[in-house]
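Below, each chain spelled out in residue letters.
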Amino acid sequence: MNIVFSVVLYRTPVSTIKKIIHDFGVLRNESEYALTLVLFENGSNISELNTYLIETAKKCPGVKVLLSKDNLGFGGGHNFVFDQIKSQYFVVMNPDIQGINTRDFDETINYLVMNPEVGLLVPKLVNPDGSVQLTNKLQS
């Protein structure tokens, strides 16, 4: 079973990209599932950044890069990736995500496998002060 992580980038600092790739590598090495990271560069058109992404993907197992000349927006970027890949599960991930641990991730996928009627899971987001971040427009 292959699981694809999609990250849409736009003028994302190299330091952030390095952290994404590092954290993904740890998760990929520890997970019981086959994981692929797709970095979608969403029309920044910065040649040095594009070159860095392409060269880095060549060196990092499980990392692929897709480049767009146009900015498709956050949702449009993920939709583009979704149309380009084949995967049983598709994870939309922000570039600034932190704190994914392998046990929780694998348990989440196991839940989806055991409950095929579930089509979407959303993580609980927590503010720096520990309060729950209300992300649903109806909640806020």
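Everything numeric here is computed off the predicted structure, so don't read it as measured data.

Thresholds applied
- Residues numbered from 1 in each chain as written.
- Predicted model: local features only at pLDDT ≥ 70, side-chain atom pairs only at ≥ 80, totals over all residues.
- Heavy atoms only, no water.
- Buried < 20%, exposed > 50% of the residue type's maximum accessible area, 1.4 Å probe, protein only.
- Helix = DSSP H or I, 4+ residues; strand = E, 2+ residues; numbered from the N terminus.
- Pairing = 2+ DSSP bridges.
- Right-handed = clockwise from strand over helix to strand, strands pointing away.
- Patch = residues over 30% accessible without salt bridge, like charges linked within 9 Å, V, L, I, M, F, W, Y side chains within 5 Å.
- Areas by Shrake-Rupley, 256 points an atom, 1.4 Å probe, with all protein chains shown as cover.
- Salt bridge = Lys/Arg side-chain N within 4 Å of Asp/Glu carboxyl O.
- Axes fitted to C-alpha atoms, helices over the stretch in contact; angles between N-to-C directions.
- Parallel < 35°, antiparallel > 145°, perpendicular 65-115°, else oblique.
- Left-handed = near helix turned anticlockwise from the far one by under 90°.
- Contact = heavy atoms within 4.5 Å.
- Nonpolar A, V, L, I, M, F, W, Y, C, P; charged D, E, K, R; others polar.
- Core = buried A, V, L, I, M, F, W, Y, C linked by side-chain atoms within 4.5 Å.

Some points on the pairing of strand β2 (residues 34-42)
Burial runs high along β2: 8 of the 9 residues are buried. As paired strands, strand β1 (residues 2-9) and β2 are joined by 8 bridges and run parallel to one another. Paired with V4 across the two strands is T36, which belongs to β2. Traced from β1 through helix α1 (residues 14-30) to β2, the parallel crossover comes out right-handed.

A short note on a nonpolar patch on the surface
On the surface, M1, V113 and M114 cluster together into a nonpolar patch covering about 300 Å² of accessible area. Counting through the fold element by element, M114 comes out in helix α4 (residues 102-114).

Focus: the packing of α1 against α4
Running from amino to carboxyl end, α1 crosses α4 at an angle of 60°, the nearest separation of the two axes being 10 Å. By the angle class used here, α1 and α4 are oblique. Along this stretch, α1 crosses α4, giving a crossing that reads as right-handed. Counted together, V26, L27 and E30 of α1 and T102, F105 and D106 of α4 form the full contact between these two elements. Partitioned by chemical class, the residues of the contact of α1 with α4 number 3 nonpolar, 1 polar and 2 charged.

Focus on the nonpolar core
Grouped together as the largest cluster of nonpolar side chains are 23 residues, with contacts concentrated most on I3, F5, L35, L37 and L39. Broken down by secondary-structure element, the contributors of at least two residues to this core are β1, α1, β2, α2 (47-59), β3 (63-68), β4 (89-93) and α4. Of the residues forming this core, the biggest block, 5 residues, is contributed by α1. When residues no more than four places from it in sequence are discounted, the contact partners of I3 are Y33, A34, L35, T36, S87, Y89, V91, F105 and I109. Grouped together as the second largest cluster of nonpolar side chains are 6 residues, V4, V8, V38 and I85 included.

Here's the deal with the pairing of β3
As judged from the 6 bridges shared by β2 and β3, these two strands associate in the parallel manner. Bridge pairing links F40 to L66 in β3. Assessed by its sense of winding, the connection that carries the chain from β2 through α2 to β3 is right-handed.

Overview of the pattern of salt bridges
What the rule picks out here adds up to 4 salt bridges. In this structure, D23 and K19 form a salt bridge, with 2.6 Å as the shortest nitrogen-oxygen distance. Placement of both D23 and K19 in helix α1 is noted, with a separation of 4 residues, approximately one turn of the helix. The exposure class assigned to D23 is partly exposed, which follows from its relative accessible area of 30%. Judged by relative accessible area, K19 falls into the partly exposed class, the value being 42%. Note that E55 and K58 form a salt bridge whose closest N and O atoms lie 3.2 Å from each other. Residue E55 and its partner K58 are both found in helix α2; the two are separated by 3 residues, about one turn of the helix. Each of R103, D104 and E107 takes part in one network of salt bridges that share partners.

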